[in-house]
Amino acid sequence: MRKGLVVLCVAMAASLCAAQTDFSKVQVKMQKVSGNVYMLQGAGGNITASVGDDGIVMVDDEFMPLAEKIQAELKTVSDKPVKFVIITHYHFDHTSGDPYWGKIATLIAQENVRKRLAEGGPTGYITKVIHENKPAAPDMLPQMTFTKEVDLHMNGDDIKVVHYPHAHTDGDSVVFFPKEHVVATGDTFVTYGFPFIDLNAGGSVEGTIAEFKSMIPKLPADVKIIPGHGHLSTLQDLKDYVTMLEQTRAAVQKAIKEGKTVEQMKQEKIMEPWQKWSGSFINSDAWIDTLYNELTGKKS
Ligand SMILES: [Zn+2]
């Protein structure tokens, strides 16, 4: 039951849910992905860690009350300190540990992430506010920012952090570990079903498709993909996801051309062929809303 609640909370990424989560009961689980790269899961977005002689590089930091549990898991594989934490995007379920990690490591993020963390404001979905972000104190903001990409030459790898301008938000970074054939996508790829695309924060389904269309041909066939939420994935999982994005976007575009209203699209269940992607957070109707709003330029 507890596990069910936590899983649902991860999918919902809702402040209400975070408030209800009993973090003392949350277990942080770590799994080896490849070589010196690990994946950690608690109650928020997935964490990636590159561990080696040069220190630990983490990707995202989840929730503050889990920081010591995350630290304890890392200690089971290395005594080296966490030197850098790369923040994939501004959402609270990936950044709430910043005040803890920012004191012991350097936080790195694309410049739009820093701006959004500094400004605060609501994270919204269509007409619902799912989280009210308080402006982060200046000493809790990422100390290092970049515009397009940055490389970290650590632990025998050339870790590449690349900005995709309009995907899940306007500040998404994807982190590549070329030596280990691992990619951490942040929330530009999730496995909980139809994704949450933060249209109000510069996110775009079209941009997400463009991101993966350019990325997939460059990935090795045996790549291990750490999504923003959900299970460790394969290249095929990612391809299936992109195909779904393309097909559902085309279906809504066609319906718009035929003069259908968003209500008609829902009544006619135009998402029926992709029903298996309908989740508890973003169901078929919510996904129609996302695509319709993006395609018509409607602001929510
Ligand atoms: Zn997110």
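The paragraphs below set out a description of the structure included in this document. In every chain, residue numbers begin from 1 and rise along the written sequence. Local features in this predicted model are restricted to residues of pLDDT 70 or higher, and side-chain atom pairs are both shown and tallied only at a pLDDT of 80 or more, whereas totals for entire chains, interfaces and linings draw on every residue. Side-chain metrics rest on all non-hydrogen atoms present in the structure, leaving aside hydrogens and water.

1. A short note on the layout of surface pockets
Right, on to step 1. Lining residues are those with an atom within 4 Å of a point, where the points come from a 1 Å grid over the protein atoms alone and group into cavities, where a 1.4 Å probe fits but cannot get out, or pockets, open sets with protein on both sides within 12 Å along at least five of seven lines. Grid points are joined across faces, edges and corners, and a volume is the space filled by probe spheres set on the points. Its volume calculated, the second largest pocket comes out at about 370 Å³.
Right, on to step 2. Lining the second largest pocket are 17 residues, with F92, T95, S96, H131 and K134 positioned closest to its centre.
Right, on to step 3. Counting from the N terminus, the helices are DSSP H or I runs at least four residues long and the strands are E runs at least two residues long. Going through the elements one at a time, α4 (92-95), α5 (98-104), α6 (111-119) and β8 (128-133) are the ones with two or more residues in the lining of the second largest pocket.
Right, on to step 4. The biggest single contributor to the lining of the second largest pocket is β8, with 3 residues.
Right, on to step 5. Counted by class, the lining of the second largest pocket contains 9 nonpolar, 4 polar and 4 charged residues. Lys, Arg, Asp and Glu make up the charged group, whereas Ala, Val, Leu, Ile, Met, Phe, Trp, Tyr, Cys and Pro make up the nonpolar group; the residues left over, Gly among them, are polar.

2. Focus: the coordination of the zinc ion
Right, on to step 1. Looking at the metal site, the zinc ion is ligated by H89 (NE2), H91 (ND1), H168 (NE2) and D187 (OD), spaced 2.2 Å from it.
Right, on to step 2. The donor definition counts N, O and S atoms within 2.8 Å of each metal and applies 3.2 Å to Na, K and Ca; water is not among these atoms, so some sites may look incomplete. Sites are called tetrahedral only when four donors show all angles between 85 and 135 degrees, square planar or octahedral only when four or six donors show opposite pairs over 155 degrees and all other angles between 65 and 115, and irregular in any remaining case. Coordination at the zinc ion is irregular, judged from the 4 donor atoms that bind it and the angles of 85 to 169 degrees they form at the metal.
Right, on to step 3. Between the donor residues of the zinc ion, the gaps in sequence give the motif H-x1-H-x76-H-x18-D. Of this pair, H89 sits in the loop between β5 (82-87) and α4 while H168 sits in the loop between β11 (157-164) and β12 (172-177); the two residues are 79 residues apart in sequence, bridging distant segments of the chain. The same class applies to H89 and to H168, which are both buried. In this scheme, a residue with accessible area under 20% of its type's maximum is buried, one over 50% is exposed, and one in between is partly exposed, where area comes from a 1.4 Å probe on protein chains only.

3. What about the side chain of S78?
Right, on to step 1. Along the chain, S78 falls in the loop between α3 (67-75) and β5.
Right, on to step 2. A relative accessible area of 9% places S78 in the buried class.
Right, on to step 3. Side-chain atoms alone can form a polar contact between residues adjacent in sequence; in general such a contact is a pair of N or O atoms within 3.5 Å, and within protein one must be able to donate a hydrogen while the other accepts it. In this structure the side chain of S78 is engaged in a polar contact, spanning 3.0 Å, whose partner is the backbone nitrogen of K80.
Right, on to step 4. In contact with S78, not counting residues within four places along its chain, are V51 and I56. Here a residue-residue contact requires only that any non-hydrogen atoms of the pair lie within 4.5 Å.

4. Brief notes about the packing of helix α7 (residues 205-215) against helix α8 (residues 235-257)
Right, on to step 1. Here α7 crosses α8 at 145 degrees, and the two axes come no closer than 10 Å. Judged by the twist between their axes, the crossing of α7 over α8 is left-handed. Contacts between α7 and α8 involve V205, E206, T208, I209, F212 and K213 from the former and L238, Y241, V242, L245, E246 and R249 from the latter.
Right, on to step 2. Taken together, the residues that form the contact of α7 with α8 break down as 7 nonpolar, 1 polar and 4 charged. Only C-alpha atoms enter the line fits that serve as axes; for helices the fit covers just the stretch in contact. Angles between N-to-C directions range over 0 to 180 degrees. In this scheme the crossing of two helices becomes right-handed for a clockwise turn of the near helix relative to the far one and left-handed for an anticlockwise turn of less than a right angle.

5. Some points on unusual backbone geometry
Right, on to step 1. Despite not being glycine, N155 has its phi angle at roughly 55 degrees, a positive value.
Right, on to step 2. Inspection of the secondary structure assignment puts N155 in the loop between β10 (149-154) and β11.
Right, on to step 3. Of the residues examined, N155 reaches a relative accessible area of 8% and is grouped as buried.
Right, on to step 4. Positioned with a positive phi, K269 is a non-glycine residue whose angle comes to about 50 degrees.
Right, on to step 5. Inspection of the secondary structure assignment puts K269 in the loop between α9 (262-267) and α10 (284-296).
Right, on to step 6. In this structure K269 comes out as exposed when scored by relative accessible area, which is 54%.

6. Some remarks on the environment of F189
Right, on to step 1. Its location among the elements puts F189 in the loop between β13 (182-184) and α7.
Right, on to step 2. Sequence spacing of F189 and I225 is 36 residues, and the spatial spacing of their C-alpha atoms is 9.1 Å.

7. Some points on the sheet that holds strand β14 (residues 224-226)
Right, on to step 1. Spatially, β10-β11-β12-β13-β14 is the arrangement adopted by the 5 strands of the open sheet, whose pairing is mixed. Of all strands in the sheet, those bounded by a partner on one side alone are β10 and β14. Pairs of neighbouring strands in the sheet enclose a mean axial angle of 20 degrees, with direction left out of account.
Right, on to step 2. Between any two strands, pairing holds if DSSP finds at least two bridges. By the bridge criterion, 3 bridges tie β12 to β13 in an arrangement that is antiparallel. The partner of F177 across the bridge, within β13, is V182.

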